[in-house]
Amino acid sequence: MALLPMIFVLVQSLIQYPQPAGDGLDEATHRRMKERQELLDHEMARLLQELEEQDKGWGAVLSGALQQWPFWVLAGVLLLLALWFSCRRRSGEASNNDVHEGEDSVDGREECMEVKGQESSDASEQRSREKEDHDGGKGESGSDGMEDREKTGYAGNEQGILLVDRIEWPVEDLERGCSVIAELMESLRRVFVDSVSNSFYPVLQKAIGVDSAFEGWSPRDWDGVYRVLVPLNPPPGHAFHLEPNSAGQVADRTFNVRVELVCTCEKEQVEEKPLCFLHHSREELRQKQKCSLLETLCTSSYLDVEKTSRWFCHLVRSSWLQVPQWHSWYVVFQPCSRSCRLELSKGRESLTVEMLFGVRRGDTDIFVVSQTPKAAITASTAWAETYAVAEAKFFRHIARQLPCESLHLKCLQLFTCILRGTGFSSSTWKTVVMHVLTIVPLSRWHRRAFARRLWDIMAYLDRCLQLTHLRHFVLGNERLPAEISLPPAMRGVVPPNLFEHLARDPAAHREARQAYGRLRFRLGVLLSSH
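Cut-offs and rules
- Residues numbered from 1 in each chain as written.
- Predicted model: local features only at pLDDT ≥ 70, side-chain atom pairs only at ≥ 80, totals over all residues.
- Heavy atoms only, no water.
- Axes fitted to C-alpha atoms, helices over the stretch in contact; angles between N-to-C directions.
- Helix = DSSP H or I, 4+ residues; strand = E, 2+ residues; numbered from the N terminus.
- Parallel < 35°, antiparallel > 145°, perpendicular 65-115°, else oblique.
- Contact = heavy atoms within 4.5 Å.
- Nonpolar A, V, L, I, M, F, W, Y, C, P; charged D, E, K, R; others polar.
- Phe/Tyr/Trp six-rings, centres within 6.5 Å; stacked < 30°, edge-to-face > 60°.
- Buried < 20%, exposed > 50% of the residue type's maximum accessible area, 1.4 Å probe, protein only.
- Patch = residues over 30% accessible without salt bridge, like charges linked within 9 Å, V, L, I, M, F, W, Y side chains within 5 Å.
- Areas by Shrake-Rupley, 256 points an atom, 1.4 Å probe, with all protein chains shown as cover.
- Salt bridge = Lys/Arg side-chain N within 4 Å of Asp/Glu carboxyl O.
- pLDDT = per-residue confidence, 0-100.
- Pairing = 2+ DSSP bridges.

Trainee: How should the packing of helix 16 (residues 450-467) against helix 19 (residues 506-528) be read in this particular structure?
Mentor: It is at 11 Å that the axes of helix 16 and helix 19 come closest, and there the two elements cross at 170 degrees. Considering their axes alone, helix 16 and helix 19 lie roughly antiparallel with respect to each other. Within the contact between the two elements, helix 16 uses A451, L454, W455, M458, A459, L461, D462, L465 and Q466 and helix 19 uses H509, A512, R513, Y516, L519, R520, L523, G524 and L527. The class makeup of the residues in the contact of helix 16 with helix 19 is 12 nonpolar, 3 polar and 3 charged.

Trainee: Looking at this structure, how should I read the packing of aromatic side chains?
Mentor: Any two aromatic rings considered together are summarised by their centre-to-centre distance and by the angle between their planes. Applying the stated criterion to the full structure yields 10 aromatic pairs. When the centroid spacing of 5.2 Å and the interplanar angle of 10 degrees are considered together, the rings of Y201 and W311 count as stacked. Of the two residues, Y201 is situated in the loop between helix 8 (171-195) and strand 1 (203-204) and W311 in helix 12 (residues 305-319); the sequence distance between them amounts to 110 residues. The exposure class of Y201 is partly exposed, given its relative accessible area of 28%. Of the residues examined, W311 reaches a relative accessible area of 11% and is grouped as buried. Measuring from ring centre to ring centre gives 5.5 Å for F312 and F357, while their planes differ by 45 degrees; the resulting arrangement is tilted. In this pair, F312 is assigned in helix 12 and F357 in strand 10 (residues 349-360), connecting sequence segments 45 residues apart. The same class applies to F312 and to F357, which are both buried. Put simply, the rings of F192, Y201, W311, F312, F357 and W383 pair up and form one aromatic cluster.

Trainee: Please explain the environment of P496 as it appears in this structure.
Mentor: When you line up the elements, P496 lands in the loop between helix 17 (488-491) and helix 18 (500-504). Distance from P496 to R471, taken between C-alpha atoms, is 5.9 Å for residues 25 residues apart in sequence.

Trainee: Mind showing me how you'd approach a nonpolar patch on the surface here?
Mentor: A cluster of nonpolar residues, L79, L80 and L83, forms a patch on the protein surface that exposes about 320 Å² of accessible area. Tracing the sequence through the fold places L79 in helix 3 (residues 69-97).

Trainee: Looking at this structure, how should I read the pattern of salt bridges?
Mentor: Pairs can form between side chains of opposite charge once their charged atoms are near each other. What the rule picks out here adds up to 17 salt bridges. For R189, the salt bridge is made with E186, and the minimal N-O distance between the two is 2.9 Å. Of the two residues, R189 and E186 both sit in helix 8, 3 residues apart, roughly one turn of that helix. Linking R190 and E186 is a salt bridge whose minimum nitrogen-to-oxygen distance equals 3.4 Å. Taken together, the positions of R190 and E186, both in helix 8 and 4 residues apart, correspond to about one turn of that helix. Accessibility expressed as a relative area gives 56% for R190, which makes it exposed. Members of the salt-bridge network, linked through shared partners, are D211, R227, R341 and E354.

Trainee: I'm lost on unusual backbone geometry in this one. Help?
Mentor: Of note in the backbone geometry, D211 takes a positive phi value of approximately 80 degrees without being a glycine. With respect to the helices, strands and loops of the structure, D211 is situated in helix 9 (residues 211-215). Positive phi outside glycine occurs at T468, with the angle close to 45 degrees. Within the secondary structure, T468 sits in the loop between helix 16 and helix 17. Judged by relative accessible area, which is 4%, T468 ranks as buried.

Trainee: Please clarify how the confidence of the model for the chain should be interpreted in this entry.
Mentor: When pLDDT is low, close inspection of the predicted coordinates is not appropriate. Scored by pLDDT, the chain comes out at a mean of 75, with 64% of its residues at no less than 70. This stretch, residues 8-25, has a pLDDT under 50; its non-local contacts, to residues over four places away or in other chains, come to 7 contacts. Of the regions scoring below 50 in pLDDT, residues 92-157 engages in 104 contacts with residues more than four places distant in sequence or in other chains.

Trainee: Can you walk me through the pairing of strand 3 (residues 225-233) in this structure?
Mentor: Remark: a regular strand shows side chains that alternate across the two faces of the sheet. Counting buried positions over the 9 residues of strand 3 gives 8, a clear majority of the element. Sheet analysis places strand 1 next to strand 3, joined by 2 bridges and oriented antiparallel. Looking at strand 3, one finds that L204 is bridged to L232. Relative to strand 3, strand 2 (residues 208-210) is paired through 3 bridges, and the arrangement is antiparallel. What sits directly across from V210, in strand 3, is R227.

In structure tokens, the structure reads:
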């Protein structure tokens, strides 16, 4: 600040006393210049003295401050400690709030490694496909799409929780319907036992609920029909033998149920049993007991589906007035050649039940049934192999292991209802979700991880589309729970490829890939909007 007066004086002297234009100076001018020079020297000396005094003042201040350095060191240390404790407290609070998110993030990376399997790059895609054709597609569970999940910034935990709470969940209606159907079938079975006890018709066993309704979910294209399977056992003196119609075929097989008469002579002597069909004459058998199954429901010694269906429907009609439900439910029989379908109504409530009947393969969970989705089957003696009982058993196993949220069923509900119309059938989604359930540990299927599980399912489907290979869930699956019983030959078989049609048709494969892209976009929008 002291320099400003000095600069002002210099500028003022130049303005007020300019040098003359001439080469010489007169005496008066010379004197004035000398006096002005002395004045400037004096003023300069005064300003320099003021500067020195100010410098000494600041030096004293700094010197005094430096003499108190222990105090300032202690104050700095205390300030740093205070800042450190504050940062640590905030970090602890944040870690407590996000501990589950951190665990899920680690889980997601671990699942990515689990799902990626043995394929590491698109360059080895062809080799991987050949390997899967050889060993049953063990590496198919890999999914490079898991990496895309991180890149696209999938919805966080809060978005997943909001979405899972907004999903339309028909579980109460399904449980109500399944309960009514189960009680009805048990009432019918008790009546059937008395009706066929003295005949040689098939012995009806306890009905088994199959299809999505009894698994706890319902796709958008569900026809509202509750389907149950009624196992048939051979009557006394008879045996069932399953004969495949197509040798070498693995999936979509059909069987003929050959009925064979067996000897009952030993049982006949010990107890009051029916006469042996093999060692008694026809006249004696005709006089003392009813006709064998071969004479009633068979065609050329094979159990006839259509004849069995007509007999079963007649049995239900004749037994309806003997079951307790007839008081409260009005029943309408709907015509069907390969099953028995009833429409029950009570006020505004209505239920439709379709009773299929089947023969068990040994003591396993695999059946051959009367009804089949394949329209090409026209022979009345053809029974289609089904894995519906094994799949329903798998869902019951998962329900016992998972928390009460049933998150896997809500994933199915979202993909088959909210994101419908994407070109993928409900059976495809069901197969994909079941595979992911055997890959991702069940402890990670909870509400906070809903978005992550959705992207896991998408990643698995993406990988299957890349390889045009989706493994059958039951056949050849080594990850099935031990409680699901399969014939020994089924566990070691190469799983059929459910995407075989995509491998044969490049146009269909390209269309499926485009449908997957649209589905991925819709899922991202859905998650980001909640």
